[in-house]
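Chain and residue survey
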Amino acid sequence: MSDVTQQTEECPICLDPMEVGKALFVTDCGHKFHYTCIKNASSVGVLTCPLCRHLPPEQQRPSVSKHRQTTEETAAVARPLVEEQATRRQSEARHHNKVIRTQRERDNKTREFLGDENQAIGDDDPLPIATMVLPIATPMESTTSSSLPIPEAMTIQIIPEFETVPCCASKIFSIVHLKAPVSEQGPRPGADIVAVIDISGSMRGQKLAMVKKTLEFVVSQLNSADRLAIVTFNTTATRLSSLKCLNEANKQQLQSTISSIAAFGGTYIMSGLQTAVDILQARKQKNSTSSILLLTDGRDGNSNLPAMSKNLMSSTVDSYTLYTFGFGADHDATALNAVAKTGNGMFYFIDGVDKVGEAFGNCLGGILSLYATKVKVTLSAVNGAAIGEVLTEYSLFRETATTLSIIIPDMFSDETKDIPFYLHLPAVIGSPSTNTTTSSTSAETPPNVIPTTPTSSILCGTLEYFIPVTETVQNCTTTLCLNRADLPIKQTPHPEVDKQRNRIAVTEALKSASTLASQSSFEKAQQVLKEAEESISRSCTSHDPSSALLSQDLARARSNVGNRHDYESRGHQYMEQQRESHSKQRATHDSSMYKNKTQSRCQMEMEERRGEREREREREDRLREREMIAFRAREVAMRETVKNREVERKAAVKKEELRLLEEEARLLTQEQAVLNRSRKEKAEAIREMEKEVDRMLTDVQESCTKNGGH
């Protein structure tokens, strides 16, 4: 059997083997599928080959180009590309099949060990009907799609730094300003969320307890159209629950699952991340929003973590937003930030247990306020203008020197995105600045007057985006027109553009300071941050609240790069988080910048819950203190009672001893009296005997006398 035949042993649609005896279907392009699979695909409108997108002959349309090639020439040109695409799709299908099969085997083994709760991946709950109509402000059941209000549209503006620019060839700083509408009470799409929690031994105690409370909050904030799965990992990963719709029954079940989580073992982050991706890839039905929340407090020693995460996320068919949470000082902030970037998410630095809820609340608020995805901004320069450097970390595609596109993965409601760029303008022919001779008009112009020429269109902007709520694509356009003139006086920069200059300056300062601090140049790092802070104070928007918040970030970063310990324990993590926050204009829990109402509400609720827990702990502490005081009082009373009883016992013993002594004395007295009586009786008896002897002697003497007289 040839290599090609061996590579097509599995159906690219269902990923099951092509067993002997099953009906197969071979397309015109030579690819094989199960007959039932290709039939089902055709029934839903798929008319091309799923691997190479080749159309059947009856569906092909002749080209209308004047310079069209013959069929054989076109096929010869397209064949390498088609074969390459087919090979790539076959490779992806085999990889996907291997991943799913490996996960199924691992889950089956885990299910045998843990019971029915750890079922095979792919057993997620089906989506309820009409999942796209959930209000953001409060959890509520979904309604029918006919009741959906039409969301407000996003807006796009191109704002130059100055309204009037020189007539000579020049370069101006400008921004593309995007604004999503406020839709806090409006509908939102359902979300599929996988929480990936580190349960290594270092998470024991208060850390894990706070994470459990946070997960309970996440469960409480989601609705019946949302689905949540929980994955825990140490050296291996375990799926504690499949994607479950958040109805009341499943909420109670998840609450029970969360309460049973325990910490032990080591740390291997990729195991948890791989399991989360496998869960999302194996879904039979999908919500329009898919997110992974990864929390860890340590590092697993894997230096290839960002590259492995990038390969994993790029191999998925769908796109998932990946948020990472670094707990404490032991995690690798650079790696976690890079991992979050692979999923177009955010990195959160949690420096204490009291910040866990706030970080998750901020993140969840963003997920629940998703407004648009696949946001595409296209800029086209006209009339001789050209687009220069674009200061953004979003995906940038340059088609020509005058046309480019910027892709923003998603935008939350009430969120703003600003894309700074430089615009190169040509000289205006015939203007005073381009003529070698001075005209009378220019000579008579007062020194404080700017002689302007008619405005001209310089730049066209197009905004295109997808709204998950209505599953529609919206677009709008804008045009930048500039006045060209000689400029004898200084103009004030546009406030919005100046604020973006400050934001870019802070982003670059945080990046440079982090690099310098990693090289042990702490004084230089502090100097860079201080210079950026002074630059903001000199800007024309120095009194704007956003400038104050930027200065606060710089001051906090400067206080954490004074020495190696401060930088490694707090400074590095904080600067990584805030640099990404300012770069993407996306909120974190450590700053009120860029927050929308939903994020503020969720974070406020978590803070309130934390306050309630603290007040509850205070009440418990006071109760324990009162109980301790009462216990100590009882203990003192008990000791006094024992002491008194001991005294009474000793007194009773002494009394008993005295009684016994008295009794002994009485007995001795009695014995003495008896002895005395006995002695007296003996003396009396002796005296009687003496008297008797005397009488007997007297009688003998008398008798002898009488006898002697004879």
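1. Some details on the side chain of Glu 580
Within the fold, Glu 580 resides in helix α14 (residues 564-584). Here Glu 580 falls in the buried class, since its relative accessible area comes to 1%. With near-sequence residues (within four places) excluded, Glu 580 lies in contact with Asn 337, Lys 341, Met 346 and Glu 393.

2. Describing the environment of Lys 212
Structurally, Lys 212 is set in helix α4 (residues 206-221). For Lys 212, a relative accessible area of 18% puts it in the buried group. The sequence separation of Lys 212 and Thr 257 amounts to 45 residues, and the corresponding C-alpha distance is 9.9 Å. Contact partners of Lys 212, with chain neighbours within four places excluded, come to Ile 258, Ser 259 and Ile 261.

3. Remarks on the side chain of Gln 577
Mapped onto the secondary structure, Gln 577 falls in helix α14. Look at Gln 577 and you get buried, because its relative accessible area is 0%. Not counting the four nearest positions on each side in its chain, Gln 577 is found in contact with Phe 347, Tyr 348, Phe 349, Thr 588, His 589 and Asp 590.

4. Things to note about the pattern of salt bridges
All told, the structure shown has 29 salt bridges when counted by the stated rule. For Lys 341, the salt bridge identified is with Glu 580, shortest N-O distance 3.6 Å. Of the two residues, Lys 341 sits in helix α8 (residues 333-342) while Glu 580 sits in helix α14, which places them 239 residues apart along the sequence. For Lys 417, the salt bridge goes to Glu 415, with nearest N and O atoms at 3.7 Å. Residue Lys 417 shares its accessibility class with Glu 415, and that shared class is buried. Here the residues in one salt-bridge network are Lys 341, Glu 393, Glu 576, Arg 579, Glu 580 and Lys 584, joined through shared partners.

5. Some details on the nonpolar core
Ranked by size, the top nonpolar core spans 50 residues in total, and within it Val 194, Val 196, Ile 292, Leu 529 and Leu 554 carry the most contacts. Element by element, the count of residues in this core is highest for helix α6 (residues 269-281), at seven residues. With near-sequence residues (within four places) excluded, Leu 529 lies in contact with Ala 509, Leu 510, Ala 513, Leu 554, Ala 557, Arg 558 and Val 561. Counting 41 residues, the second-largest nonpolar core is a separate cluster that includes Val 211, Leu 293, Ile 367 and Phe 412.

6. Notes on the sheet that holds strand β17 (residues 456-467)
The strand order across the open sheet built from six strands is β4-β18-β17-β12-β15-β14, with neighbouring strands paired in mixed fashion. Unpaired on one side and paired on the other, β4 (164-165) and β14 (395-398) mark the two borders of the sheet.

7. Remarks on the pairing of strand β10 (residues 321-327)
The element β10 is extensively covered by neighbouring structure, given that seven of its seven residues are classed as buried. A two-sided burial pattern is seen for β10, the buried positions comprising Thr 321, Tyr 323, Phe 325 and Phe 327 on one face and Leu 322, Thr 324 and Gly 326 on the other. Where strand β9 (residues 289-296) lies against β10, six bridges are found, and the strand directions are parallel. Counted as the bridge partner of Thr 296 is Gly 326 from β10. Crossover β10 to strand β11 (residues 347-350) through α8 is right-handed.

8. Brief notes about α4
With 16 residues, α4 should reach 22 Å at 1.5 Å per residue; the first-to-last C-alpha distance of 23 Å fits that figure. Within the span of α4, buried status applies to Leu 208, Met 210, Val 211, Lys 212, Thr 214, Leu 215, Phe 217, Val 218, Val 219 and Gln 221.

9. What about the sheet that holds strand β13 (residues 386-390)?
Spatially, four strands are ordered β3-β5-β16-β13 in an open sheet, and the strand pairing comes out antiparallel. Since the sheet does not close on itself, it has two edges, and those belong to β3 (155-160) and β13, each with one partner. Averaged over all adjacent pairs, the angle separating strand axes in this sheet is 30°, with direction ignored. Pairing analysis gives six bridges linking β3 to strand β5 (residues 170-179), with the strands arranged antiparallel. Its bridge partner being in β5, Gln 157 is matched across the sheet by His 177. Strands β3, β5 and β16 (416-425) of the sheet are contacted by helix α11 (residues 495-518), whose axis makes an angle of about 95° with β5.

10. Regarding helix α7 (residues 305-314)
What α7 keeps buried is the set Leu 305, Ser 309, Leu 312 and Met 313. The buried residues of α7 occupy an angular sector of 90° when projected down its axis, which confines them to one face. Residues of α7 that are exposed and point more than 90 degrees away from the buried face comprise Lys 310, Asn 311 and Ser 314.

11. Some thoughts on the pairing of strand β8 (residues 237-245)
Across the nine residues that make up β8, a large majority, nine, are buried. Across six bridges, the pairing between strand β7 (residues 227-233) and β8 is antiparallel. In the strand pairing of β8, Arg 227 is matched with Cys 245. Between β7 and β8, which pair antiparallel and follow one another directly, the connecting turn spans three residues.

12. A closer look at the packing of α8 against α14
The N-to-C vectors of α8 and α14 enclose an angle of 20°; their axes lie 9 Å apart at closest approach. With respect to their mutual orientation, α8 and α14 come out roughly parallel. Like other packed secondary-structure pairs, α8 and α14 cross with a definite hand, here right-handed. Residue-level contacts link Ala 333, Thr 334, Asn 337 and Lys 341 of α8 to His 572, Gln 573, Glu 576, Arg 579 and Glu 580 of α14.

13. A look at the packing of aromatic side chains
This model, assessed by the stated rule, comprises four aromatic pairs. On the basis of an interplanar angle of 10° and a centroid distance of 5.0 Å, the ring pair of Phe 325 and Tyr 348 is categorised as stacked. Here Tyr 348 lies in strand β11 and Phe 325 lies in strand β10, a separation of 23 residues in the sequence. Judged by relative accessible area, Phe 325 falls into the buried class, the value being 0%. For Tyr 348, a relative accessible area of 2% gives the class buried. For the pair Phe 325 and Phe 360, a centre-to-centre distance of 4.3 Å together with 10° between the ring planes defines the contact as stacked. Of this pair, Phe 325 sits in strand β10 while Phe 360 sits in helix α9 (residues 356-368), and the two are 35 residues apart along the sequence. On the basis of relative accessibility, which here comes to 2%, the residue Phe 360 falls in the buried class. Taken together, Phe 325, Tyr 348 and Phe 360 form an aromatic cluster joined through their ring pairs. A cation over a ring is seen here: Lys 207 above Phe 327, with NZ or CZ 5.4 Å from the ring centre.

Cut-off values and rules
Residues numbered from 1 in each chain as written. Predicted model: local features only at pLDDT ≥ 70, side-chain atom pairs only at ≥ 80, totals over all residues. Heavy atoms only, no water. Helix = DSSP H or I, 4+ residues; strand = E, 2+ residues; numbered from the N terminus. Buried < 20%, exposed > 50% of the residue type's maximum accessible area, 1.4 Å probe, protein only. Contact = heavy atoms within 4.5 Å. Salt bridge = Lys/Arg side-chain N within 4 Å of Asp/Glu carboxyl O. Core = buried A, V, L, I, M, F, W, Y, C linked by side-chain atoms within 4.5 Å. Pairing = 2+ DSSP bridges. Right-handed = clockwise from strand over helix to strand, strands pointing away. Expected span 1.5 Å × (residues − 1). Axes fitted to C-alpha atoms, helices over the stretch in contact; angles between N-to-C directions. Arc of directions from axis to C-beta. Parallel < 35°, antiparallel > 145°, perpendicular 65-115°, else oblique. Left-handed = near helix turned anticlockwise from the far one by under 90°. Phe/Tyr/Trp six-rings, centres within 6.5 Å; stacked < 30°, edge-to-face > 60°. Lys NZ or Arg CZ within 6 Å of the ring centre and 35° of its normal.

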